[in-house]
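Listed here are the chains, written in short residue letters.
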Amino acid sequence: MIVMYSCKDKILLLLLLHLFCSHCSSPSTRPPSCRSQGQFHLSGMHKTGDVILGGLFEINFFSVFPDLSFTSEPQHPTCHGFDVLGFRQAQTMAFAVDEINRNAELLPNVTLGYSLYDNCVKLGIGFRAALALISGQEEEIVMEDNCSGSPPVLAIVGDSSSTRCIAISTVLGLYRVPMVSYFATCSCLSDRQKFPSFFRTIPSDAFQVNAMIQILKHFGWTWVGLLISADDYGLHAAKSFQSDLSLSDEGCLAYLEVLPWGNEPPELRRIVDVMKASTARVVVVFAHESHMINLMEEVVRQNLTGLQWLASEAWSTAAVLQTPDLMPYLGGTLGIAIRRGEIPGLRDFLLEINPNIKHNSSSGNSMVNQFWEFTFQCRFAPPPAGWVENGGKVCSGKEDLRTVETEFLDIFNLRPEYNVYKAVYALAHALHDLLRCEPGSGGCAALETLEPWQLVYYLERVNFTASFGDQVSFDENGDVLPIYDVMNWLRLPDGRANVQNVGEVKMSAFSGEQLTLDGDKIFWNFESKKPPRSVCSENCPPGTRMVRKKGEPECCFDCIPCSEGMVNNKTNSLECFSCPEDFWSSPRRDHCVLRQTEFLSYQEPLGICLTAASLLGTFICAVVLGIFIYHRSTPIVRANNSELSFQLLLSLQLCFLCSLLFIGRPRLWTCQLRHAAFGISFVLCVSCILVKTMVVLAVFKASKPGGGASLKWFGASQQRGIVLVLTSVQAAICTAWLVTNSPAPHKNTQYHNDKIVYECVVGSTVGFSVLLGYIGLLAILSFVLAFMARNLPNNFNEAKLITFSMLIFCAVWVAFVPAYVSSPGKYADAVEVFAILASSFGLLMALFGPKCYIILLRPERNTKKALMGRSTIGTSEK
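Below is a short write-up of the structure. Owing to the predicted nature of the structure, the values given are computational and were not obtained by experimental measurement. Numbering of residues starts from 1 in each chain and follows the order in which that chain's sequence is written. In view of the model being predicted, local features appear only for residues whose pLDDT reaches at least 70, and side-chain atom pairs are presented and counted only at 80 or more, with totals across whole chains, interfaces and linings using the full set of residues. Side-chain numbers come from the whole structure's heavy atoms, not from hydrogens or water.

## Observations concerning helix α16 (residues 642-658)
Here is step 1 of the chain: A rise of 1.5 Å per residue sets the reference length of α16, with its 17 residues, at 24 Å; its end C-alpha atoms lie 24 Å apart and thus fit the reference within 8%.
Here is step 2 of the chain: Every buried residue belonging to α16 is among Ser642, Leu644, Ser645, Leu648, Leu649, Ser651, Leu652, Gln653, Cys655, Phe656 and Cys658, and all of these are buried. Elements are defined by DSSP. Helices are runs of H or I of four residues or more, strands are runs of E of two residues or more, and each kind is numbered from the N terminus. One less than the residue count of a helix, multiplied by 1.5 Å, gives the span that helix is expected to have. Relative accessible area decides the class of each residue, using a 1.4 Å probe on protein chains only: under 20% of the type maximum gives buried, over 50% gives exposed, and in between gives partly exposed.

See the structure below:
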């Protein structure tokens, strides 16, 4: 945290702390007491009540401090330069207190009072005023044994300066005295660790900075200058602005200059020279109107026009800058302004002000007297020496405010006043909740025992609707729900200015800060009557990338075209991006065009035919299975273990279905599953055939003398075991293959430059070869055994059918290998699918075609006698 204190301010702080050191005594004849060593002489306004609220306002612009010799007690400073708007803010607090006292529902039977002081725009004076409020101005304080009694003030409304709020709230926070500011915006004050009892009814600079950046973003202003004041307000705003602008990646600063507090022509001349030399056409200013007055004198002297000013809330509505001389330079200014509000009844209250009314004050009403003298240009008796002689008037106190034209009565643009009004009502609602609280809800108190710290709890939870309709509540940092008006300085034909509302920025709980602008109402002080363009380098069009210029801000860059195969469809992008494998760059390099793709699709004729054949084979297998189940008790079904026949039909269905995995766009799971499903399904099928062949041979051998013992090795359980073992071997091969180097989808661009061929690479060639080799081994073994049993004496010798089916199976897969290797892309998948379907249909028709023919068309042959013929060999299942 940076707090800018002048040397004079530091000395004043030490003096006022010394002044508040009290001399305590405790004679035996009276209770202990503390006597103040001195009192502050402050300009103030007071009203008695059951509960007193303090207030700090800027009533005078300037102050005169006596010389500090450190050899005698210093004299009190004097203030001059009456600020009529600051006085109106103080009167707004008095009006709010009066209105609350007349409200029967809010704080009934409780009368609020106030004690308001002038801070003279000086830290030292504001600090001593705050200490006077919280400690009281009594000359002697008697210490009661029970420490009972109300504090001099329960809370303070103010101050208007972030610097003064930082200093005052640091002390007040130690004792948890609530302080509600109406104009201090420094984001540093949101730190609850350092300022636990600080609240404010004006949004933090953090929100104002975001609002500024949103306006820059809205108009595409990426190259801006930043001017700030040399205080907490400007320094913290600059820090937040630079940080948020960098994070938003929406622009950068051309320059950052700190405006001097006083009128320093050489420094101001240097700053204006920087502004003139810069190519930035937009200037953001976080400063006070006093800084802008000095700066604009130099701007006018050098005739610096053609700039778009972006004003912070500190000067966005400053009337002192809205003069015909400055409008050629400041016309069209956009600014963030405090939310405007309406306060019914305030004007009538202001008209009732009279220096003869003491407002129940025992110490006079010096603020009102100053206002009266300023407004009517008179002096109260006794007037200063020579005043009357020089033609000055003496104030009678009976002058009529309605007869003068003063901005004091202009209540149609209430902004800080509206914040003061909300601050007083926030304190009143919190006090109301405190006095009406229920035990256990955060602390309760009676009117006689109120403590400031008790009010903090209820301030944090206050929630009410102001008379203008705004919801008032504080977040966990003591900040109010932010909302700003966006103002525009309209230059009128006669040279004067009209500050008009052209939009608003408000915080939404769901979408963050929202900017709303009425672009048709905005006045632009340029010949084109359009927003200016403020960029260091023109936007890089799509198809190019930014290359930042070395040694210059990041908004200054060159545009380089993207290389072939890379694109960029955005403006001002730092890099070009490679097109995905499915795309290629367009001629302008601003988008990727879709490449043609090739894979065995379900939509193309070849894929449709293969899919139909696969589903047809599956359907036929299901029909044959149904037939066999329905005729499961007939001899031809029972022959040679009907269970193996059922397993064979199910495995053939899997063979037909696995071919569908080869159709469609290859994906990881289909690539891994297609060969595993194919290998396991066919091994299950061939294993069933092999076991059936072995059973036929075993039965024939058992029919020979002395061969009966061979059948004991081929019972039903042994047959299942052999099939399971043979299939498990293939499953183990597939698992090892998938774990070590599994198949994966691959986009092949080597075949065609304008086309992508989607295919599955087998991963491990050894694994694929072992899988096919194992199937081939079982098929050859089945073929050999079936060939040996083809001439067995039986009218229906199944070995002949197995021989023929294995012959077809082996022929198909022998032809498959060279065809698969020589086929590119989707045709390799088509060859494999064709081989699967051809071999599956061959096995289905060769093994089950004759049986279905007998079952359905020649049922008279479906008998044991017909099957055995003259032979006595029995082949019924075990």
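## What about the environment of Cys658?
Here is step 1 of the chain: Within the fold, Cys658 resides in helix α16.
Here is step 2 of the chain: Remark: the alpha-carbon pair of Cys658 and Ser681, spanning 23 residues in sequence, is separated by 8.0 Å.
Here is step 3 of the chain: Contact partners of Cys658, with chain neighbours within four places excluded, come to Ala677, Phe678 and Ile836. In what follows, residue pairs with any heavy atoms lying within 4.5 Å of each other are defined as contacts.

## Observations regarding the sheet that holds strand β30 (residues 596-598)
Backbone hydrogen bonds are what pair the strands of a sheet, in a parallel or an antiparallel way.
Here is step 1 of the chain: Two strands pair if DSSP finds at least two bridges between them. Pairing is mixed across the open sheet formed by three strands, whose spatial order is β30-β32-β31. Two strands close off the open sheet at either side, each with one partner strand: β30 and β31 (744-752). Strand-to-strand twist across the sheet, computed as the mean angle between neighbouring axes with direction ignored, equals 35°.
Here is step 2 of the chain: Pairing between β30 and strand β32 (residues 755-761): three bridges, direction parallel. Paired with Glu598 across the bridge in β32 is Val757. Axes here refer to lines fitted to C-alpha atoms; in helices the fit is confined to the stretch in contact. Angles between the N-to-C directions go from 0 to 180 degrees.

## Here's the deal with the sheet that holds strand β9 (residues 155-157)
Here is step 1 of the chain: Ordered in space as β3-β7-β4-β9-β10-β11, the six strands form an open sheet in which the pairing is mixed. Of all the strands in the sheet, the pair left with one neighbour each is β3 (44-47) and β11 (198-200). Pairwise comparison of adjacent strand axes, ignoring direction, gives a mean angle of 20° for this sheet.
Here is step 2 of the chain: Where strand β4 (residues 51-57) lies against β9, three bridges are found, and the strand directions are parallel. Paired with Leu53 across the strands is Ala155, a residue of β9.
Here is step 3 of the chain: The strands that helix α3 (residues 123-135) touches are β4, β7 (112-118) and β9; relative to β4, the one it contacts most, it runs at about 180°.

## A short note on the environment of Pro344
Here is step 1 of the chain: Mapped onto the elements, Pro344 comes out in the loop between β16 (334-338) and α10 (346-351).
Here is step 2 of the chain: Look at Pro344 and you get exposed, because its relative accessible area is 55%.
Here is step 3 of the chain: C-alpha of Pro344 to C-alpha of Ile411: the two residues are 67 residues apart in sequence and 9.4 Å apart in space.
Here is step 4 of the chain: Contacts of Pro344, omitting those with residues within four sequence positions, involve Phe95, Glu99 and Ser467.

## Quick look at the packing of aromatic side chains
Here is step 1 of the chain: Ring pairs are drawn from Phe, Tyr and Trp, using the six-membered ring of Trp, whenever the two centres fall within 6.5 Å, and their geometry is named by plane angle: stacked under 30 degrees, edge-to-face over 60, tilted for the rest. Applying the stated criterion across every chain, the model contains 30 aromatic pairs.
Here is step 2 of the chain: Seen from their ring centres, Phe219 and Trp524 are 5.1 Å apart, and the 85° between their planes marks the pair as edge-to-face. One end of the pair, Phe219, is in helix α5 (residues 205-219); the other, Trp524, is in the loop between β23 (512-517) and β24 (544-548), with 305 residues separating them in the sequence.
Here is step 3 of the chain: Take Trp524: its relative accessible area is 6%, and that puts it in the buried class.
Here is step 4 of the chain: For the ring pair Phe656 and Phe841, a centre distance of 4.8 Å and an interplane angle of 65° mean the geometry is edge-to-face. One end of the pair, Phe656, is in helix α16; the other, Phe841, is in helix α21 (residues 826-856), and 185 residues separate them in sequence.

## Brief notes about the nonpolar core
Here is step 1 of the chain: In plain words, nonpolar cores are sets of buried Ala, Val, Leu, Ile, Met, Phe, Trp, Tyr and Cys residues tied together by side-chain atoms within 4.5 Å. Counting 71 residues, the largest nonpolar core has Phe87, Met93, Leu112, Phe371 and Leu431 as the members making the most contacts within it.
Here is step 2 of the chain: If you list the elements that add at least two residues to this core, you get β4, α2 (84-101), β7, β9, α10, α11 (366-376), α12 (416-435) and α13 (452-459).
Here is step 3 of the chain: With 12 residues, the single largest contributor to this core is α12.
Here is step 4 of the chain: Not counting residues within four places of it along the chain, the set of residues in contact with Phe371 comprises Phe82, Val84, Phe87, Ile353, Leu401 and Phe408.
Here is step 5 of the chain: Core analysis: the second largest hydrophobic core is formed by 67 residues, Phe628, Ile733, Tyr820 and Ala835 among them.

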